[in-house]
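Tertiary structure, described
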Amino acid sequence: MDDLKAKYLTLIADAADESTLEDLRVTAVGKKGEISLKMRELGKMTPEERQVAGPALNALKDEINSALAAKKAALADAALDARLRSEWLDVTLPARGRGRGTIHPISQVMEEVTAIFGELGFSVAEGPRVETDWYNFDALNIPGHHPARAEMDTFYMHRAEGDDRPPHVLRTHTSPVQIRSMEAMGAPLRIICPGGVYRADYDQTHTPMFHQIEGLALDTDISMANLKWVLEEFVKAFFEVDDVELRFRASHFPFTEPSAEVDIRCSWEGGTLKIGEGDDWLEILGSGMVHPKVIAAGGIDPDVYQGFAFGMGIDRIAMLKYGIPDLRAFFDSDLRWLRHYGFASLDVPNLHGGLSR
Ligand code: DAH
């Protein structure tokens, strides 16, 4: 038995791979293996012999089994080590210099706005750019005859003759995402919706496609005061200033009541914009308390829930923050412009590390 033990333990120690190990297992402790055959011989022994040989054989079998298991684990470890060595790569190597891509200022600003509102507990919601006129208008309390429909210079989708699906438009604002989010998530709700919108208009401050960010907060105890605080926090963080003064100007939107346009105090002295000082006012967004009809259109009970909403032009606040004079340049795809105004692709904006460094 000592010979058997020495033989197999050496063979196991020397096994170079798993299949050799498996062969060894079969020849040693397999059904017809050497140890198993020996165990069968126990039957021919005298009871006294058996009392000694039986436990010894069992112990030998256990020892070989655990040697096999230990070796198997060691081989697996070695295989993993070898693989890790052969697949090694230096992730600290600097990127190749020929990559010239930059983040577009609009993407950058969307990331910045998302980071700020994320910190305030808002999550990001999205909706389709091709929208039904119900979501884009009716559900937002803009019925068919309403002048706002005409004012928005809407692009209507072509309809084949006999197509009786509801009319589709290119969404003229991100507000329809309010309805879609209410339907999908119910209340309470805190979301922002950044995205592209479309209106038939083109000059230095208008392009047929531009970007907005919508905000919506619904709960059982939300007031105008919450709206003011949230917007103040946002403007301070976004323009990276310690103090701002906001002016809420009474206004009218069909989907809010009351409605307010929000201006921030600024100065244009010397041709550069300074936020928070001076005698000028800069309009940055529309807002208000969500109209009960809009809340109901979203499938939520307006007698239980109320809230605020706002909508803001992303392109416009990007122009203001980064001193970009002509809106149309955003969409010209001029590489020289993109290199000048673009942002490094690895600098993801976050509130603590600095939004726009
Ligand atoms: N949807 C409006 C627009 O495109 C902007 C807006 C104003 C959105 C007030 C709102 C709001 O959510 O409360 O001009």
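Computed from a prediction, not measured in an experiment: that's the story for all the values here. (Residues numbered from 1 in each chain as written. Predicted model: local features only at pLDDT ≥ 70, side-chain atom pairs only at ≥ 80, totals over all residues. Heavy atoms only, no water.)

Let us look at unusual backbone geometry. The step from Ala-187 to Pro-188 runs through a cis peptide bond, and the omega angle for that step is 0 degrees. Inspection of the secondary structure assignment puts Pro-188 in the loop between α8 (176-185) and β4 (189-198). In this structure, the amide linkage connecting Glu-257 to the following residue, Pro-258, adopts the cis form with an omega of 0 degrees. (Helix = DSSP H or I, 4+ residues; strand = E, 2+ residues; numbered from the N terminus.)

Turning to the site of the ligand, a few remarks are in order. Close contacts around the ligand come from 15 residues, with His-173, Ser-175, Arg-199, Gln-212 and Glu-214 the closest. Take Ser-175: an N or O atom from its side chain is 3.0 Å from a nitrogen atom of the ligand. Notes on the ligand: free accessible area 360 Å², of which the protein chains cover 90%. If you list the elements that add at least two residues to the shell around the ligand, you get β5 (209-219), β9 (280-290) and β10 (306-313). Classifying every residue of the shell around the ligand by side-chain character gives four nonpolar, nine polar and two charged. (Near = heavy atom within 4 Å. Polar contact = N/O pair within 3.5 Å; in protein donor to acceptor, adjacent residues only side chain to side chain. Areas by Shrake-Rupley, 256 points an atom, 1.4 Å probe, with all protein chains shown as cover. Nonpolar A, V, L, I, M, F, W, Y, C, P; charged D, E, K, R; others polar.)

A word on the pairing of β4. Sheet faces and side chains relate simply in a regular strand, where the side chains alternate between the two faces. Most of β4 is tucked away: nine of the 10 residues are buried. In terms of strand pairing, β4 meets β5 through 10 bridges, oriented antiparallel. Residue pairing for β5: Gly-195 is matched across the bridge by Gln-212. (Buried < 20%, exposed > 50% of the residue type's maximum accessible area, 1.4 Å probe, protein only. Pairing = 2+ DSSP bridges.)

In this section: the nonpolar core. Counting residues in hydrophobic clusters, the biggest one holds 48 residues, and the most contacted among them are Phe-117, Phe-234 and Phe-308. Sorting the residues of this core by element identifies α5 (105-119), β5, α9 (224-239), β7 (256-267), β9, β10, α11 (314-322) and α12 (335-341) as the ones contributing at least two each. Among the elements that line this core, the one with the most residues is α9, at eight residues. Setting aside anything within four residues of it in sequence, one finds Phe-234 in contact with Val-113, Ile-116, Phe-117, Met-312 and Ile-317. (Core = buried A, V, L, I, M, F, W, Y, C linked by side-chain atoms within 4.5 Å. Contact = heavy atoms within 4.5 Å.)

Counting through the fold element by element, His-158 comes out in the loop between α7 (147-151) and β3 (168-170). You can call His-158 exposed: its relative accessible area is 74%. His-158 sits 10 residues away from His-168 along the chain, and the two C-alpha atoms are 8.3 Å apart.

Before going further, it helps to examine the packing of helix α1 (residues 2-14) against helix α3 (residues 34-41). Packing of α1 against α3 brings their axes to within 12 Å, and their N-to-C directions diverge by 160 degrees. Between α1 and α3, the interaxial angle falls into the category roughly antiparallel. Like other packed secondary-structure pairs, α1 and α3 cross with a definite hand, here left-handed. Across the interface between the two elements, Leu-4, Lys-7 and Tyr-8 of α1 pack against Glu-34, Ile-35 and Lys-38 of α3. Looking at the contact of α1 with α3, its residues break down into three nonpolar, no polar and three charged. (Axes fitted to C-alpha atoms, helices over the stretch in contact; angles between N-to-C directions. Parallel < 35°, antiparallel > 145°, perpendicular 65-115°, else oblique. Left-handed = near helix turned anticlockwise from the far one by under 90°.)

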